[in-house]
Amino acid sequence: MTTLVLASASPARLTVLRKAGVEPFVVVSGVDEDAVQEALGPSAAPSRVVTELARAKATAVLTELPADVAADAVIIGCDSMLLIDGTLQGKPHTADIARARWRSMMGRSGTLLTGHCVLRVRDGATVGESSADSATVVHFGTPSGDDLEAYLESGEPMQVAGAFTLDGLGGWFIDRIEGDPSSVIGIGLPLVRRLLGEVGIGVSELWGPR
Ligand SMILES: Nc1nc2c(ncn2[C@@H]2O[C@H](COP(=O)(O)OP(=O)(O)OP(=O)(O)O)[C@@H](O)[C@H]2O)c(=O)[nH]1
């Protein structure tokens, strides 16, 4: 049976796949995302940035796979960033940055881009590849000052692209989205289904015992 390898440390991506019937084999890539972005240059299109980051993550774990997994596997790498005011934003990391971002984006909208790369692996070699990004327009609500401070205090916004979640505390502050919710959380299931199809895999082959 083909093993789905998730090349990500993201707990959210793991949860999305588990709820969708797949128990992935997780290998964290450790890719230096800043270095990849720098190599792409300042004029790289946002969709290319997130897709190349996803490809770098998927490629990086190929050599880390145990032989029994690498015999028959499909590796998925992802990268999510928020495109707003013409700039790509990753994780804010500090409360001050997250606060400044929320004060700027509340009441407005941005596009959450998630790049995906799927590598089909047989006997340790890549025999197929498909990649694409998904774009979801996110309409931000207007949290009160107290609510925003409490949200920052939770620590959640610092650890996620765009300083918000759809499926966590951030959900109180997202008015609506236009697009696929799973890709906002970090891995777009309908897009991954299409990418898996391009390398000859049907999603139900990956579902565990029901
Ligand atoms: N739960 C949740 N997480 C989100 C949401 N939006 C973005 N994220 C997370 O924000 C993180 C974006 O950073 P990335 O660099 O793509 O991924 P990472 O967490 O660093 O993990 P790697 O794939 O190992 O790089 C991911 O973990 C996403 O799952 C959301 O709406 N909900």
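I will try to describe carefully the structure that is included in this document. (Residues numbered from 1 in each chain as written. Predicted model: local features only at pLDDT ≥ 70, side-chain atom pairs only at ≥ 80, totals over all residues. Heavy atoms only, no water.)

### A word on the pattern of salt bridges
For step 1, the next point in the chain: The final tally for this structure, using the stated rule, is 10 salt bridges.
For step 2, the next point in the chain: Where Lys57 meets Asp79, a salt bridge forms, and the shortest distance between an N and an O atom there is 2.8 Å. Of the two residues, Lys57 sits in helix α3 (residues 46-62) while Asp79 sits in strand β3 (residues 72-84), which places them 22 residues apart along the sequence. Across the pair, Asp79 and Lys57 agree in class, each one buried.
For step 3, the next point in the chain: Through salt bridges that share partners, Glu33, Lys57 and Asp79 make up one connected network. (Salt bridge = Lys/Arg side-chain N within 4 Å of Asp/Glu carboxyl O. Helix = DSSP H or I, 4+ residues; strand = E, 2+ residues; numbered from the N terminus. Buried < 20%, exposed > 50% of the residue type's maximum accessible area, 1.4 Å probe, protein only.)

### Focus on the pairing of strand β1 (residues 3-6)
Every regular strand shows the same layout, with side chains that alternate between the two sheet faces.
For step 1, the next point in the chain: As paired strands, β1 and β3 are joined by four bridges and run parallel to one another. Across the sheet, residue Thr3 finds its bridge partner in β3, namely Ala73.
For step 2, the next point in the chain: Handedness of the crossover is the feature at issue here: the chain leaves β1, passes through helix α1 (residues 11-19), returns alongside strand β2 (residues 25-26), and the resulting connection is right-handed. (Pairing = 2+ DSSP bridges. Right-handed = clockwise from strand over helix to strand, strands pointing away.)

### Points about helix α6 (residues 145-154)
For step 1, the next point in the chain: What α6 keeps buried is the set Leu148, Tyr151 and Leu152. One side of α6 holds all its buried residues, which, seen down the axis, span an arc of 100 degrees. Exposed side of α6, more than 90 degrees from the buried face: Asp146 and Glu153 are the residues found there.
For step 2, the next point in the chain: Backbone geometry just downstream of α6 places Gly155 in the positive-phi region, at approximately 85 degrees. (Arc of directions from axis to C-beta.)

### Considering the packing of aromatic side chains
For step 1, the next point in the chain: One pass over the structure, following the stated rule, counts five aromatic pairs.
For step 2, the next point in the chain: Judged by centre distance (6.3 Å) and plane angle (85 degrees), the ring pair of Trp102 and Tyr151 falls under edge-to-face. Within this pair, whereas Trp102 is found in helix α5 (residues 95-105), its partner Tyr151 is found in helix α6, the two being separated by 49 residues in sequence. You'll find Trp102 and Tyr151 in the same group, each marked buried.
For step 3, the next point in the chain: Judged by centre distance (6.1 Å) and plane angle (75 degrees), the rings of Trp102 and Phe173 are edge-to-face. With a gap of 71 residues between them, Trp102 in helix α5 and Phe173 in the loop between α6 and β7 (174-178) connect regions that are remote in the sequence. (Phe/Tyr/Trp six-rings, centres within 6.5 Å; stacked < 30°, edge-to-face > 60°.)

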